[in-house]
Amino acid sequence: MFRLFIVFFLHVSLLFAANNSEILKRADKLTKSPSKTKIFRAYNDYKNVYSRSVMHSNLDERKSALHGIIISGKKLHIDVEKYQKELSSLKKSSKKRKKTALKMKNIKKTSSSKKIKVIHYTSLKQARWDDGTLILDFDRKLLKTDVNYFKLIDKKRSSFRYIFDIHAVKNKNIKLRHTKLKSIRISQYKHNIVRLVFESKRKLNLRFKLEGKHLYIFLHLGSSAPLESQAKYKLKTKAKKRVVVIDPGHGGKDNGATGYKNCREKNIVLQVAQAVTKQLRKRGITVYLTRTQDKFIKLRNRTKYANKKKADIFISIHANSVPKKNALKAKGLETYFLSRSRSSRATRVAAVENSKEIEDMNYFGKNNLLNFMNREKIIASNKLAIDMQKGMLSSLRKHYKDVKDNGVREGPFWVLVGAQMPAVLLEIGFVSNPIEASRMLTKKYQKYLAKGIAEGIERYFIKNP
Ligand SMILES: [Zn+2]
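To start, this report covers the structure provided alongside it. (Residues numbered from 1 in each chain as written. Predicted model: local features only at pLDDT ≥ 70, side-chain atom pairs only at ≥ 80, totals over all residues. Heavy atoms only, no water.)

Here we look at the overall build of the chain
For clarity, the cut-off: In this text, helices come from DSSP runs of H or I with a minimum length of four residues, and strands from runs of E with a minimum of two, each type numbered from the N-terminal end. Accessible areas in this description were obtained via Shrake-Rupley with a 1.4 Å probe; residue shielding takes into account the shown protein chains only.
Check the secondary structure of the chain and you find 12 helices and 19 strands. Taken as a whole, the chain presents about 24,600 Å² of accessible surface, with 53% of it coming from carbon and sulfur.

This is how it looks when you write it as C-alpha coordinates:
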(Lines give C-alpha, C1' and ligand atoms only; values in the text may rest on other atoms or scores of the structure.)
Protein backbone atom coordinates (compact mmCIF):
# COMPACT_ATOMS: atom_id res chain seq x y z
CA MET A 1 0.00 0.00 0.00
CA PHE A 2 1.27 3.40 -0.90
CA ARG A 3 1.28 6.87 0.43
CA LEU A 4 2.08 9.83 -1.73
CA PHE A 5 4.95 12.18 -1.85
CA ILE A 6 5.59 14.92 -4.34
CA VAL A 7 8.54 14.86 -6.63
CA PHE A 8 10.09 18.06 -7.79
CA PHE A 9 11.00 17.44 -11.36
CA LEU A 10 11.45 21.03 -12.29
CA HIS A 11 14.75 21.20 -10.54
CA VAL A 12 15.93 18.15 -12.40
CA SER A 13 15.06 19.45 -15.83
CA LEU A 14 16.69 22.78 -15.14
CA LEU A 15 19.86 21.04 -14.28
CA PHE A 16 19.98 19.24 -17.55
CA ALA A 17 20.14 22.54 -19.33
CA ALA A 18 23.56 23.36 -17.94
CA ASN A 19 26.63 21.34 -18.74
CA ASN A 20 28.61 19.33 -16.26
CA SER A 21 31.59 21.62 -15.89
CA GLU A 22 29.32 24.62 -15.29
CA ILE A 23 27.43 22.66 -12.68
CA LEU A 24 30.66 21.62 -11.00
CA LYS A 25 31.87 25.19 -10.87
CA ARG A 26 28.61 26.37 -9.37
CA ALA A 27 28.61 23.53 -6.88
CA ASP A 28 32.18 24.31 -5.81
CA LYS A 29 31.04 27.82 -4.98
CA LEU A 30 27.93 26.66 -3.15
CA THR A 31 29.93 24.21 -1.07
CA LYS A 32 31.91 27.05 0.42
CA SER A 33 28.76 28.82 1.56
CA PRO A 34 27.80 28.74 5.25
CA SER A 35 24.19 27.99 4.29
CA LYS A 36 23.21 24.34 4.69
CA THR A 37 20.58 24.67 1.99
CA LYS A 38 23.18 25.87 -0.47
CA ILE A 39 25.54 23.09 0.44
CA PHE A 40 22.72 20.65 -0.05
CA ARG A 41 22.11 22.09 -3.46
CA ALA A 42 25.78 21.58 -4.23
CA TYR A 43 25.63 18.02 -2.97
CA ASN A 44 22.69 17.40 -5.26
CA ASP A 45 24.52 18.97 -8.20
CA TYR A 46 27.58 16.81 -7.63
CA LYS A 47 25.43 13.73 -7.58
CA ASN A 48 23.79 14.70 -10.83
CA VAL A 49 27.12 15.20 -12.47
CA TYR A 50 28.30 11.97 -10.96
CA SER A 51 25.49 9.89 -12.41
CA ARG A 52 25.87 11.44 -15.82
CA SER A 53 29.63 11.00 -15.80
CA VAL A 54 29.14 7.33 -15.03
CA MET A 55 26.65 7.04 -17.85
CA HIS A 56 29.01 8.74 -20.27
CA SER A 57 32.19 7.18 -18.88
CA ASN A 58 33.78 10.54 -18.23
CA LEU A 59 36.47 9.74 -15.71
CA ASP A 60 37.69 13.24 -14.93
CA GLU A 61 34.20 14.55 -14.27
CA ARG A 62 33.42 11.51 -12.24
CA LYS A 63 36.41 12.15 -10.00
CA SER A 64 35.56 15.83 -9.56
CA ALA A 65 31.95 14.95 -8.78
CA LEU A 66 33.00 12.32 -6.25
CA HIS A 67 35.35 14.78 -4.63
CA GLY A 68 32.50 17.28 -4.36
CA ILE A 69 30.07 14.71 -2.98
CA ILE A 70 32.57 13.84 -0.26
CA ILE A 71 33.35 17.44 0.77
CA SER A 72 29.75 18.67 0.72
CA GLY A 73 28.43 15.40 2.14
CA LYS A 74 30.77 15.61 5.11
CA LYS A 75 29.62 19.14 5.85
CA LEU A 76 26.06 17.82 5.91
CA HIS A 77 26.96 14.79 8.01
CA ILE A 78 25.93 12.42 5.28
CA ASP A 79 27.65 9.06 5.10
CA VAL A 80 29.95 9.34 2.09
CA GLU A 81 32.12 6.35 2.77
CA LYS A 82 31.19 4.50 -0.39
CA TYR A 83 32.07 7.54 -2.49
CA GLN A 84 35.40 7.83 -0.73
CA LYS A 85 36.11 4.21 -1.52
CA GLU A 86 35.14 4.67 -5.13
CA LEU A 87 37.28 7.76 -5.52
CA SER A 88 40.34 6.16 -4.01
CA SER A 89 39.96 3.10 -6.20
CA LEU A 90 39.63 5.33 -9.27
CA LYS A 91 42.74 7.21 -8.26
CA LYS A 92 44.63 3.98 -7.75
CA SER A 93 43.66 2.56 -11.10
CA SER A 94 44.58 5.74 -12.96
CA LYS A 95 47.91 5.88 -11.11
CA LYS A 96 48.57 2.33 -12.16
CA ARG A 97 47.79 3.21 -15.72
CA LYS A 98 50.05 6.23 -15.70
CA LYS A 99 52.84 4.15 -14.21
CA THR A 100 52.40 1.53 -16.89
CA ALA A 101 52.32 4.17 -19.57
CA LEU A 102 55.52 5.64 -18.19
CA LYS A 103 57.15 2.23 -18.13
CA MET A 104 56.13 1.73 -21.72
CA LYS A 105 57.66 5.04 -22.68
CA ASN A 106 60.91 4.10 -21.01
CA ILE A 107 60.97 0.76 -22.72
CA LYS A 108 60.44 2.51 -26.00
CA LYS A 109 63.29 4.89 -25.30
CA THR A 110 65.77 2.30 -24.18
CA SER A 111 64.89 -0.66 -26.28
CA SER A 112 66.75 -1.02 -29.50
CA SER A 113 64.35 -3.56 -30.79
CA LYS A 114 61.25 -2.21 -32.45
CA LYS A 115 59.08 -4.97 -31.12
CA ILE A 116 57.84 -4.12 -27.69
CA LYS A 117 56.06 -6.69 -25.68
CA VAL A 118 53.15 -5.16 -23.90
CA ILE A 119 52.77 -7.11 -20.75
CA HIS A 120 51.21 -4.67 -18.33
CA TYR A 121 47.97 -4.08 -20.09
CA THR A 122 44.81 -6.05 -19.88
CA SER A 123 44.82 -8.23 -22.90
CA LEU A 124 41.89 -9.24 -25.08
CA LYS A 125 42.17 -12.96 -25.55
CA GLN A 126 39.29 -13.73 -27.84
CA ALA A 127 35.88 -12.75 -29.08
CA ARG A 128 33.18 -15.36 -29.39
CA TRP A 129 29.51 -15.61 -30.17
CA ASP A 130 26.84 -17.10 -28.01
CA ASP A 131 23.70 -16.79 -30.11
CA GLY A 132 23.22 -13.09 -30.60
CA THR A 133 25.62 -12.15 -27.84
CA LEU A 134 29.23 -11.26 -28.51
CA ILE A 135 31.51 -12.12 -25.61
CA LEU A 136 34.97 -10.65 -25.27
CA ASP A 137 37.32 -12.54 -22.96
CA PHE A 138 40.16 -10.71 -21.28
CA ASP A 139 43.03 -11.98 -19.19
CA ARG A 140 41.95 -10.04 -16.16
CA LYS A 141 39.02 -8.33 -14.58
CA LEU A 142 37.73 -5.25 -16.37
CA LEU A 143 36.56 -2.19 -14.48
CA LYS A 144 33.69 0.01 -15.53
CA THR A 145 36.20 2.75 -16.18
CA ASP A 146 38.01 0.52 -18.68
CA VAL A 147 35.13 0.61 -21.10
CA ASN A 148 33.91 3.69 -22.91
CA TYR A 149 30.81 3.13 -25.02
CA PHE A 150 29.32 5.66 -27.41
CA LYS A 151 27.25 5.91 -30.57
CA LEU A 152 27.61 7.80 -33.82
CA ILE A 153 24.30 7.98 -35.57
CA ASP A 154 23.57 9.54 -38.91
CA LYS A 155 19.93 8.75 -39.65
CA LYS A 156 19.92 10.41 -43.07
CA ARG A 157 22.64 8.14 -44.37
CA SER A 158 21.23 5.27 -42.34
CA SER A 159 24.54 4.78 -40.67
CA PHE A 160 24.47 3.61 -37.09
CA ARG A 161 27.77 3.04 -35.40
CA TYR A 162 28.18 1.64 -31.90
CA ILE A 163 31.63 2.02 -30.53
CA PHE A 164 33.47 0.50 -27.59
CA ASP A 165 36.85 1.82 -26.56
CA ILE A 166 38.37 -0.63 -24.15
CA HIS A 167 41.52 -0.11 -22.12
CA ALA A 168 43.34 -3.19 -23.34
CA VAL A 169 45.57 -4.61 -25.99
CA LYS A 170 44.86 -7.38 -28.42
CA ASN A 171 47.60 -9.68 -29.52
CA LYS A 172 45.98 -11.43 -32.39
CA ASN A 173 43.83 -10.65 -35.33
CA ILE A 174 40.21 -11.10 -34.57
CA LYS A 175 37.77 -11.03 -37.43
CA LEU A 176 34.07 -10.90 -36.82
CA ARG A 177 31.05 -10.87 -39.06
CA HIS A 178 27.32 -11.04 -38.69
CA THR A 179 24.72 -11.38 -41.42
CA LYS A 180 22.59 -8.62 -39.96
CA LEU A 181 25.37 -6.09 -39.55
CA LYS A 182 27.17 -4.08 -42.18
CA SER A 183 30.47 -4.66 -40.42
CA ILE A 184 32.17 -5.40 -37.14
CA ARG A 185 35.66 -4.01 -36.77
CA ILE A 186 38.04 -4.64 -33.97
CA SER A 187 41.35 -2.81 -33.93
CA GLN A 188 44.14 -1.51 -31.75
CA TYR A 189 43.00 2.07 -31.94
CA LYS A 190 45.67 3.45 -29.63
CA HIS A 191 48.54 1.65 -28.01
CA ASN A 192 46.38 0.92 -24.99
CA ILE A 193 42.90 1.05 -26.47
CA VAL A 194 41.10 -1.62 -28.38
CA ARG A 195 38.28 -0.23 -30.46
CA LEU A 196 35.29 -2.32 -31.39
CA VAL A 197 32.84 -0.87 -33.90
CA PHE A 198 29.49 -2.31 -34.91
CA GLU A 199 28.13 -0.74 -38.04
CA SER A 200 24.54 -1.22 -39.00
CA LYS A 201 22.01 0.21 -41.42
CA ARG A 202 19.34 0.06 -38.78
CA LYS A 203 19.13 1.20 -35.24
CA LEU A 204 20.30 -1.47 -32.81
CA ASN A 205 19.02 -2.23 -29.39
CA LEU A 206 22.49 -2.85 -28.01
CA ARG A 207 23.21 -3.48 -24.37
CA PHE A 208 26.33 -4.61 -22.59
CA LYS A 209 27.43 -5.96 -19.28
CA LEU A 210 30.80 -6.37 -17.59
CA GLU A 211 31.29 -9.47 -15.56
CA GLY A 212 34.74 -10.34 -14.26
CA LYS A 213 37.02 -10.94 -17.21
CA HIS A 214 34.21 -10.79 -19.74
CA LEU A 215 32.41 -8.11 -21.65
CA TYR A 216 29.02 -9.28 -22.89
CA ILE A 217 27.49 -7.33 -25.75
CA PHE A 218 23.85 -8.10 -26.40
CA LEU A 219 23.01 -7.15 -29.95
CA HIS A 220 19.41 -8.32 -30.17
CA LEU A 221 19.67 -9.12 -33.85
CA GLY A 222 17.02 -11.79 -34.04
CA SER A 223 17.49 -15.42 -34.81
CA SER A 224 19.79 -15.50 -37.84
CA ALA A 225 23.04 -17.23 -37.04
CA PRO A 226 26.09 -15.04 -36.66
CA LEU A 227 29.07 -15.74 -38.86
CA GLU A 228 32.55 -15.95 -37.61
CA SER A 229 35.77 -16.53 -39.39
CA GLN A 230 37.57 -17.40 -36.20
CA ALA A 231 37.51 -20.87 -34.79
CA LYS A 232 34.11 -21.92 -33.61
CA TYR A 233 33.65 -21.66 -29.92
CA LYS A 234 30.78 -23.27 -28.23
CA LEU A 235 29.91 -21.74 -24.95
CA LYS A 236 30.05 -24.24 -22.15
CA THR A 237 29.30 -22.24 -19.10
CA LYS A 238 27.91 -23.91 -16.08
CA ALA A 239 24.48 -22.65 -15.23
CA LYS A 240 25.12 -19.48 -13.31
CA LYS A 241 24.04 -19.48 -9.69
CA ARG A 242 21.30 -16.91 -9.38
CA VAL A 243 20.59 -14.89 -6.30
CA VAL A 244 17.22 -13.33 -5.53
CA VAL A 245 16.34 -11.11 -2.60
CA ILE A 246 12.69 -11.18 -1.63
CA ASP A 247 11.43 -8.32 0.46
CA PRO A 248 8.18 -8.86 2.36
CA GLY A 249 6.89 -5.30 2.81
CA HIS A 250 6.38 -3.58 6.17
CA GLY A 251 6.71 -5.52 9.46
CA GLY A 252 6.83 -4.87 13.18
CA LYS A 253 5.36 -1.52 14.15
CA ASP A 254 4.54 -0.91 10.50
CA ASN A 255 1.44 -2.97 9.69
CA GLY A 256 1.06 -1.82 6.12
CA ALA A 257 -2.54 -1.88 5.02
CA THR A 258 -5.28 -3.32 7.20
CA GLY A 259 -8.10 -4.89 5.28
CA TYR A 260 -11.12 -7.13 5.34
CA LYS A 261 -11.71 -8.68 8.77
CA ASN A 262 -8.64 -6.85 10.02
CA CYS A 263 -6.21 -8.90 7.97
CA ARG A 264 -2.84 -7.25 7.78
CA GLU A 265 -0.67 -6.66 4.78
CA LYS A 266 2.54 -7.32 6.69
CA ASN A 267 1.45 -10.86 7.61
CA ILE A 268 0.09 -11.81 4.20
CA VAL A 269 3.16 -10.64 2.32
CA LEU A 270 5.46 -12.50 4.70
CA GLN A 271 3.57 -15.75 4.10
CA VAL A 272 3.68 -15.21 0.35
CA ALA A 273 7.39 -14.39 0.49
CA GLN A 274 8.04 -17.63 2.31
CA ALA A 275 6.05 -19.58 -0.27
CA VAL A 276 8.03 -17.87 -3.05
CA THR A 277 11.28 -18.80 -1.31
CA LYS A 278 10.25 -22.44 -1.29
CA GLN A 279 9.41 -22.35 -5.01
CA LEU A 280 12.65 -20.63 -5.97
CA ARG A 281 14.84 -22.97 -3.92
CA LYS A 282 13.17 -25.90 -5.67
CA ARG A 283 14.42 -24.36 -8.90
CA GLY A 284 18.00 -24.12 -7.64
CA ILE A 285 17.90 -20.37 -7.09
CA THR A 286 19.54 -18.86 -4.01
CA VAL A 287 17.08 -16.78 -2.02
CA TYR A 288 17.48 -14.32 0.80
CA LEU A 289 14.65 -12.62 2.64
CA THR A 290 14.92 -9.13 4.08
CA ARG A 291 12.83 -10.36 6.99
CA THR A 292 11.58 -13.74 8.11
CA GLN A 293 9.70 -12.44 11.14
CA ASP A 294 7.31 -9.70 12.06
CA LYS A 295 10.06 -7.15 12.38
CA PHE A 296 10.40 -3.51 11.39
CA ILE A 297 13.09 -2.79 8.80
CA LYS A 298 13.93 0.57 7.33
CA LEU A 299 13.36 0.87 3.62
CA ARG A 300 16.88 1.76 2.72
CA ASN A 301 18.21 -1.24 4.60
CA ARG A 302 16.15 -3.53 2.43
CA THR A 303 17.90 -2.65 -0.81
CA LYS A 304 21.18 -2.28 1.03
CA TYR A 305 20.80 -5.90 2.04
CA ALA A 306 20.15 -6.92 -1.56
CA ASN A 307 23.26 -5.04 -2.68
CA LYS A 308 25.30 -6.75 0.00
CA LYS A 309 24.06 -10.15 -1.10
CA LYS A 310 24.92 -9.23 -4.70
CA ALA A 311 21.43 -10.21 -5.71
CA ASP A 312 20.58 -10.52 -9.40
CA ILE A 313 17.11 -9.19 -8.75
CA PHE A 314 15.17 -7.59 -5.92
CA ILE A 315 11.46 -8.20 -5.41
CA SER A 316 9.41 -6.33 -2.87
CA ILE A 317 6.02 -7.86 -2.08
CA HIS A 318 3.06 -5.75 -1.00
CA ALA A 319 -0.70 -5.85 -0.91
CA ASN A 320 -2.91 -2.98 -1.93
CA SER A 321 -5.84 -1.34 -0.19
CA VAL A 322 -8.50 1.30 -0.81
CA PRO A 323 -10.96 3.05 1.51
CA LYS A 324 -14.10 1.09 2.44
CA LYS A 325 -16.47 2.77 0.01
CA ASN A 326 -14.47 1.38 -2.95
CA ALA A 327 -13.59 -1.91 -1.32
CA LEU A 328 -15.74 -4.08 -3.55
CA LYS A 329 -14.62 -2.45 -6.77
CA ALA A 330 -10.88 -2.30 -6.36
CA LYS A 331 -9.17 -5.58 -7.10
CA GLY A 332 -6.40 -7.16 -9.09
CA LEU A 333 -2.63 -7.42 -9.24
CA GLU A 334 -0.04 -5.04 -10.52
CA THR A 335 3.72 -4.85 -10.79
CA TYR A 336 5.74 -1.68 -10.46
CA PHE A 337 9.22 -0.86 -11.56
CA LEU A 338 11.23 2.17 -10.71
CA SER A 339 11.48 4.98 -13.21
CA ARG A 340 11.49 8.72 -13.44
CA SER A 341 8.28 8.68 -15.37
CA ARG A 342 5.88 11.59 -15.12
CA SER A 343 3.11 10.09 -17.19
CA SER A 344 -0.40 10.73 -16.04
CA ARG A 345 -0.84 7.09 -15.23
CA ALA A 346 2.01 7.45 -12.85
CA THR A 347 0.53 10.07 -10.63
CA ARG A 348 0.69 7.37 -8.06
CA VAL A 349 4.27 7.32 -9.09
CA ALA A 350 5.15 9.61 -6.45
CA ALA A 351 3.86 6.92 -4.22
CA VAL A 352 5.83 5.26 -1.54
CA GLU A 353 5.66 2.97 1.37
CA ASN A 354 6.55 4.25 4.83
CA SER A 355 6.37 7.93 4.16
CA LYS A 356 7.71 8.60 7.66
CA GLU A 357 11.20 8.12 6.37
CA ILE A 358 10.54 10.22 3.34
CA GLU A 359 9.30 13.13 5.40
CA ASP A 360 12.64 13.19 7.14
CA MET A 361 14.49 13.61 3.92
CA ASN A 362 14.56 16.97 2.38
CA TYR A 363 13.71 17.86 -1.13
CA PHE A 364 17.20 17.57 -2.54
CA GLY A 365 17.76 14.18 -1.13
CA LYS A 366 14.66 12.85 -2.79
CA ASN A 367 15.51 14.22 -6.16
CA ASN A 368 18.96 12.98 -6.04
CA LEU A 369 18.12 9.40 -5.63
CA LEU A 370 15.75 9.61 -8.52
CA ASN A 371 18.44 11.05 -10.70
CA PHE A 372 20.64 8.22 -9.74
CA MET A 373 18.93 5.62 -11.80
CA ASN A 374 20.62 4.36 -14.86
CA ARG A 375 18.85 3.57 -18.08
CA GLU A 376 20.07 0.02 -18.37
CA LYS A 377 18.66 -0.80 -14.98
CA ILE A 378 15.31 0.80 -15.74
CA ILE A 379 15.01 -1.24 -18.92
CA ALA A 380 15.96 -4.43 -17.10
CA SER A 381 13.49 -3.68 -14.31
CA ASN A 382 10.77 -3.03 -16.85
CA LYS A 383 11.43 -6.42 -18.45
CA LEU A 384 11.45 -8.10 -15.07
CA ALA A 385 8.16 -6.43 -14.20
CA ILE A 386 6.56 -7.76 -17.39
CA ASP A 387 7.71 -11.30 -16.65
CA MET A 388 6.52 -11.07 -13.06
CA GLN A 389 3.09 -9.82 -14.01
CA LYS A 390 2.72 -12.51 -16.67
CA GLY A 391 3.94 -15.20 -14.30
CA MET A 392 1.51 -14.29 -11.52
CA LEU A 393 -1.49 -13.96 -13.81
CA SER A 394 -0.98 -17.14 -15.79
CA SER A 395 -0.43 -19.27 -12.70
CA LEU A 396 -3.35 -17.83 -10.76
CA ARG A 397 -5.82 -17.81 -13.63
CA LYS A 398 -5.55 -21.57 -13.94
CA HIS A 399 -7.38 -21.73 -10.61
CA TYR A 400 -9.10 -18.38 -10.24
CA LYS A 401 -10.53 -17.24 -13.54
CA ASP A 402 -11.51 -13.77 -12.39
CA VAL A 403 -8.09 -12.47 -11.30
CA LYS A 404 -7.80 -8.95 -12.64
CA ASP A 405 -4.75 -7.66 -14.49
CA ASN A 406 -3.91 -4.11 -13.45
CA GLY A 407 -0.80 -4.17 -15.56
CA VAL A 408 2.80 -3.13 -15.25
CA ARG A 409 3.28 0.38 -13.99
CA GLU A 410 6.18 2.66 -13.40
CA GLY A 411 7.20 5.37 -11.03
CA PRO A 412 9.86 6.45 -8.57
CA PHE A 413 9.16 4.09 -5.73
CA TRP A 414 11.14 4.69 -2.67
CA VAL A 415 11.53 1.09 -1.67
CA LEU A 416 13.24 0.31 -4.98
CA VAL A 417 15.57 3.26 -4.99
CA GLY A 418 19.10 2.27 -4.20
CA ALA A 419 18.91 -1.27 -5.54
CA GLN A 420 21.89 -1.95 -7.72
CA MET A 421 20.03 -4.68 -9.58
CA PRO A 422 16.74 -4.83 -11.50
CA ALA A 423 14.05 -4.31 -8.91
CA VAL A 424 10.28 -4.53 -8.89
CA LEU A 425 7.45 -4.14 -6.44
CA LEU A 426 4.46 -6.46 -6.56
CA GLU A 427 1.01 -5.56 -5.35
CA ILE A 428 -0.46 -9.02 -5.03
CA GLY A 429 -4.07 -7.97 -4.48
CA PHE A 430 -6.32 -5.74 -2.40
CA VAL A 431 -6.64 -6.61 1.28
CA SER A 432 -9.62 -4.25 1.29
CA ASN A 433 -11.50 -6.48 -1.15
CA PRO A 434 -13.36 -9.24 0.73
CA ILE A 435 -12.86 -11.86 -1.98
CA GLU A 436 -9.20 -11.12 -2.60
CA ALA A 437 -8.41 -10.80 1.10
CA SER A 438 -10.00 -14.15 1.89
CA ARG A 439 -8.10 -15.76 -0.96
CA MET A 440 -4.79 -14.25 -0.04
CA LEU A 441 -5.12 -15.77 3.40
CA THR A 442 -5.36 -19.31 2.05
CA LYS A 443 -2.35 -21.57 1.52
CA LYS A 444 -3.74 -22.58 -1.86
CA TYR A 445 -3.81 -19.07 -3.29
CA GLN A 446 -0.43 -18.29 -1.77
CA LYS A 447 1.05 -21.37 -3.39
CA TYR A 448 -0.19 -20.59 -6.90
CA LEU A 449 0.81 -17.00 -6.54
CA ALA A 450 4.28 -18.05 -5.37
CA LYS A 451 4.54 -20.46 -8.26
CA GLY A 452 3.68 -17.69 -10.68
CA ILE A 453 6.25 -15.37 -9.14
CA ALA A 454 8.92 -18.08 -9.33
CA GLU A 455 8.02 -18.83 -12.96
CA GLY A 456 8.24 -15.16 -13.80
CA ILE A 457 11.67 -14.95 -12.23
CA GLU A 458 12.79 -18.06 -14.05
CA ARG A 459 11.54 -16.73 -17.36
CA TYR A 460 13.40 -13.49 -16.79
CA PHE A 461 16.65 -15.33 -16.06
CA ILE A 462 16.30 -17.47 -19.16
CA LYS A 463 15.71 -14.44 -21.37
CA ASN A 464 18.48 -12.42 -19.73
CA PRO A 465 21.44 -14.73 -19.27
ZN1 LIG B 1 2.76 -2.09 1.24
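Quick word on the environment of Lys 172
What counts here: Exposure classes here rest on a 1.4 Å probe applied to the protein chains alone. A residue is buried below 20% of its type maximum, exposed above 50%, and partly exposed in between.
Within the element layout of this structure, Lys 172 appears in the loop between strand S6 (169-170) and strand S7 (176-177). Lys 172 gets classed as partly exposed once you look at its relative accessible area, which sits at 34%. Between the C-alpha atom of Lys 172 and that of Ser 187, which follows or precedes it by 15 residues, the distance is 9.9 Å.

Observations concerning the nonpolar core
The test is simple: In this description, a nonpolar core means a group of buried Ala, Val, Leu, Ile, Met, Phe, Trp, Tyr and Cys residues linked to one another through side-chain atoms lying within 4.5 Å. In what follows, residue pairs with any heavy atoms lying within 4.5 Å of each other are defined as contacts.
Counting 44 residues, the largest nonpolar core has Ile 246, Ile 317, Ile 428 and Ile 457 as the members making the most contacts within it. Excluding residues within four positions of it along the chain, Ile 428 makes contact with Ile 268, Val 269, Val 272, Ile 317, His 318, Ala 319, Leu 333, Met 440, Tyr 445 and Leu 449. Core analysis: the second largest hydrophobic core is formed by 28 residues, Phe 138, Val 147, Leu 204 and Ile 217 among them.

A few points about the packing of aromatic side chains
Quick reminder of the rule: Paired rings are identified among Phe, Tyr and Trp, the last through its six-membered ring, by centres lying within 6.5 Å, and are further divided according to the angle between planes into stacked (under 30 degrees), edge-to-face (over 60) and tilted (the rest).
Tallying each qualifying case throughout the model produces 10 aromatic pairs. Ring centres of Phe 164 and Phe 198 lie 6.2 Å apart, and the angle between their planes is 80 degrees; this geometry places the pair in the edge-to-face category. Of the two residues, Phe 164 sits in strand S5 (residues 159-167) while Phe 198 sits in strand S9 (residues 193-200), which places them 34 residues apart along the sequence. Among the residues examined, Phe 164 registers a relative accessible area of 0% and is labelled buried. Looking at Phe 198, the relative accessible area reads 0%, which means it is buried. Among the aromatic side chains, those forming a connected cluster through ring pairs are Tyr 149, Phe 164, Phe 198 and Phe 208.

Here we look at the packing of helix H6 (residues 265-282) against helix H12 (residues 443-463)
Under the convention used in this document: Helix axes are fitted only over the stretch in contact, all axes being lines through C-alpha atoms; the angle between N-to-C directions runs from 0 to 180 degrees. To sort the angles, those under 35 degrees are grouped as roughly parallel, those over 145 as roughly antiparallel, those from 65 to 115 as roughly perpendicular, and the leftovers as oblique. By convention the crossing between two helices is left-handed if the near helix lies anticlockwise of the far one by an angle smaller than a right angle, and right-handed if it lies clockwise. Classes in brief: Ala, Val, Leu, Ile, Met, Phe, Trp, Tyr, Cys and Pro nonpolar; Asp, Glu, Lys and Arg charged; the others, Gly included, polar.
In contact at an axis separation of 8 Å, H6 and H12 are set at 50 degrees when each is read in the N-to-C sense. Here H12 runs oblique to H6, going by the angle between their axes. Read as a crossing pair, H6 and H12 show a hand that is right-handed. Together, Gln 271, Val 272, Ala 275, Val 276, Gln 279 and Leu 280 of H6 and Gln 446, Lys 447, Leu 449, Ala 450, Lys 451, Ile 453, Ala 454 and Ile 457 of H12 make up the contact between the two elements. Broken down by class, the residue content of the contact of H6 with H12 amounts to nine nonpolar, three polar and two charged.

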